Amino acid sequence: MEYKITMPILSDTMDKGKIIKWYVKPGDKVKKGDKLCEVESDKATMDIESFYDGIVKEILAKEGDEVEVKSTIAIIENGELRIENENKETLQITNDFSEDKKTDVEKTNIDELISSILNSPTESKKPGGTASPAAKKEATISGLDIEKLQNEGKLPIPAHLGDIQELKIKKYFTPKAYKLIKEYELDINEFELNRKIRSAEVLNLIKQKNIPKKTPLNPNQKAVIKNLQNSTAKPTFFVFEEIEIKKTEGIKLTAKIIKALAIAMQKHPLTRSILNNDTLLTYPDSNISVAVARDDGLFMCVIKNAQDKSLNEINDWLKEIKTKKLTIEDLSGSTFGISNLGMFEIESFTALINGKDTGIAAFGVERNGKIKVTFTIDHRILNGVDAAKFINDFKKECKNV
């Protein structure tokens, strides 16, 4: 029996996933719970595990491919591995004579034909290795040994036509020139492929033809854009305020803000709520999304049950989240958010609501124990009066943390 492994839906905004790495290859035996591949969603990177025992029959998406959710990326076969020799040539000869009617001459001619095919020079046989028919044809024309290149790790398993063509391109371009060809998606037919072409020649072409560099958006950037588009569709209103807060040595101001917000949210259930179609879902804990700028992008990381955490625990979380490998759990489950640009000397700004959150608070620079803050509120969940009561309680908590 065959089982299809599909691209899972790892977040409510995910429509595609990117294959980062395969841990298995065709022919490998796997058990339930074994890691199959690493997938990058619009919010995080995580491993996909097998739900079945069996053998990897086929891998349908290469490393680097972006695949629609629910699309098949691999097939697992539950049963004994069937080993097939891809290089075996099969000859079927049919004629109008039954075996007992064939003459000795006819039998000799057939034997000679079979012998001539099986003993033909190596160059006329299909190349070995695991590859698509188009890739094997191109390899034969180019004199490339797919099996050898795959054993050396220079070709993926299975290999496709594009992989063979890339090897040919590398033959005529230096590593730096090849990198530019890929980055600018240049047509190699612009060059005379009769020598090694260096990066200076490629750069000269780019400049002469004013060719722009194409940089595809990464999944995080796509997620941010999608979130912005969704946020602008919400009916929101703003509240501009100023809070008083004291510095504590060794504790980030953001940690104190999170703690004060978490306590205030416990007094106002609507801030712990999200809309789900025609239903309001209210959660028991203060789960807060925090805008975190990292080397790999800007993320809304979620600190869970913040009302029960100490200032030191929240402070440690802020340090850890800057570098840890993010999971879906780290990026989901919030109902209210904060964004702090005070460390960049920004006086005040407005922020867009994250995902399904009820609102977000944007904090500016601290001056003499005071910080300007702008609240963006989803009017469908909190009206002006409800928001005012919540914000007043938050301001009081800021003086106490």
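In what follows, the accompanying structure is described.

Points about the packing of aromatic side chains
What describes a pair of aromatic rings is the distance from one ring centre to the other and the angle between the planes of the rings. Taken as a whole and judged by the stated rule, the model has seven aromatic pairs. Seen in terms of ring centroids, Phe 375 and Phe 390 are 6.4 Å apart; in terms of plane orientation they differ by 80°. Their pairing is edge-to-face. With a gap of 15 residues between them, Phe 375 in strand β16 (residues 370–378) and Phe 390 in helix α10 (residues 384–400) connect regions that are remote in the sequence. Across this residue pair, the class does not change: Phe 375 and Phe 390 are buried. The lysine or arginine in question, Lys 35, covers the ring of Tyr 23, its NZ or CZ lying 4.8 Å from the ring centre.

A short note on the sheet that holds strand β14 (residues 336–340)
Taking strand neighbours across the sheet as the criterion, the six strands line up as β9-β16-β15-β14-β12-β13 in an open arrangement whose pairing is mixed. The open sheet has two edge strands with one neighbour each: β9 (236–244) and β13 (297–303). This sheet shows a mean twist of 25° between the axes of neighbouring strands, independent of strand direction. Taken together, the five bridges between β14 and strand β15 (residues 359–367) define a ladder with parallel strand orientation. Counted as the bridge partner of Gly 337 is Ile 360 from β15. Strands in contact with helix α9 (residues 311–320) are β12 (288–294) and β13; relative to β13, the strand with the most contacts, it is inclined by about 155°.

Describing the side chain of Thr 271
As for its position among the elements, Thr 271 is in the loop between α8 (253–267) and β10 (273–276). For Thr 271, a relative accessible area of 0% corresponds to the buried category. A polar atom in the side chain of Thr 271 sits 2.6 Å from the backbone oxygen of His 268. Leaving out residues up to four positions away in the same chain, Thr 271 has contacts with Met 265, Thr 335, Phe 336, Thr 358, Leu 382 and Phe 390.

Description of the nonpolar core
Core analysis: the biggest nonpolar cluster contains 61 residues, and Ile 73, Ile 288 and Phe 394 have the highest contact counts within it. Ranked by the residues each element gives to this core, the list is headed by α8, at eight residues. Residues contacting Ile 288, with those up to four places away along its chain left out, are Ile 258, Leu 261, Ala 262, Met 265, Cys 301, Val 302, Ile 303, Ala 306, Ser 334, Phe 336, Gly 337 and Ile 338. Counting 13 residues, the second largest nonpolar core, distinct from the first, contains Phe 173, Tyr 178, Leu 186 and Ile 206.

What about the packing of helix α2 (residues 133–142) against helix α4 (residues 161–172)?
Packing of α2 against α4 leaves a shortest axis separation of 7 Å and a crossing angle of 25°. As the angle between them shows, α2 and α4 are arranged roughly parallel. Here Ala 134, Ala 135, Glu 138, Ala 139 and Ser 142 of α2 come into contact with α4, specifically with Leu 161, Ile 164 and Lys 168. The class makeup of the residues in the contact of α2 with α4 is five nonpolar, one polar and two charged.

Concerning the environment of Val 302
Here Val 302 shows up in strand β13. Accessibility expressed as a relative area gives 4% for Val 302, which makes it buried. When neighbours within four sequence positions are excluded, Val 302 is seen to be in contact with Asn 287, Ile 288, Ser 289, Trp 317, Asp 330, Leu 331, Ser 332, Gly 333 and Ser 334.

Re the pattern of salt bridges
Taken as a whole, this structure holds 20 salt bridges when the rule is applied. With a closest N to O distance of 3.5 Å, Glu 152 and Lys 154 form a salt bridge. For Glu 397, the salt bridge goes to Lys 267, with nearest N and O atoms at 2.9 Å. Pair noted here: Glu 397 is in helix α10 and Lys 267 is in helix α8, with a separation of 130 residues, a long-range link. The exposure class assigned to Glu 397 is buried, which follows from its relative accessible area of 11%. When salt bridges with common partners are traced through the structure, they connect Glu 345, Glu 347 and Arg 367 into a single cluster.

What counts and how
- Residues numbered from 1 in each chain as written.
- Predicted model: local features only at pLDDT ≥ 70, side-chain atom pairs only at ≥ 80, totals over all residues.
- Heavy atoms only, no water.
- Phe/Tyr/Trp six-rings, centres within 6.5 Å; stacked < 30°, edge-to-face > 60°.
- Helix = DSSP H or I, 4+ residues; strand = E, 2+ residues; numbered from the N terminus.
- Buried < 20%, exposed > 50% of the residue type's maximum accessible area, 1.4 Å probe, protein only.
- Lys NZ or Arg CZ within 6 Å of the ring centre and 35° of its normal.
- Pairing = 2+ DSSP bridges.
- Axes fitted to C-alpha atoms, helices over the stretch in contact; angles between N-to-C directions.
- Contact = heavy atoms within 4.5 Å.
- Polar contact = N/O pair within 3.5 Å; in protein donor to acceptor, adjacent residues only side chain to side chain.
- Core = buried A, V, L, I, M, F, W, Y, C linked by side-chain atoms within 4.5 Å.
- Parallel < 35°, antiparallel > 145°, perpendicular 65-115°, else oblique.
- Nonpolar A, V, L, I, M, F, W, Y, C, P; charged D, E, K, R; others polar.
- Salt bridge = Lys/Arg side-chain N within 4 Å of Asp/Glu carboxyl O.

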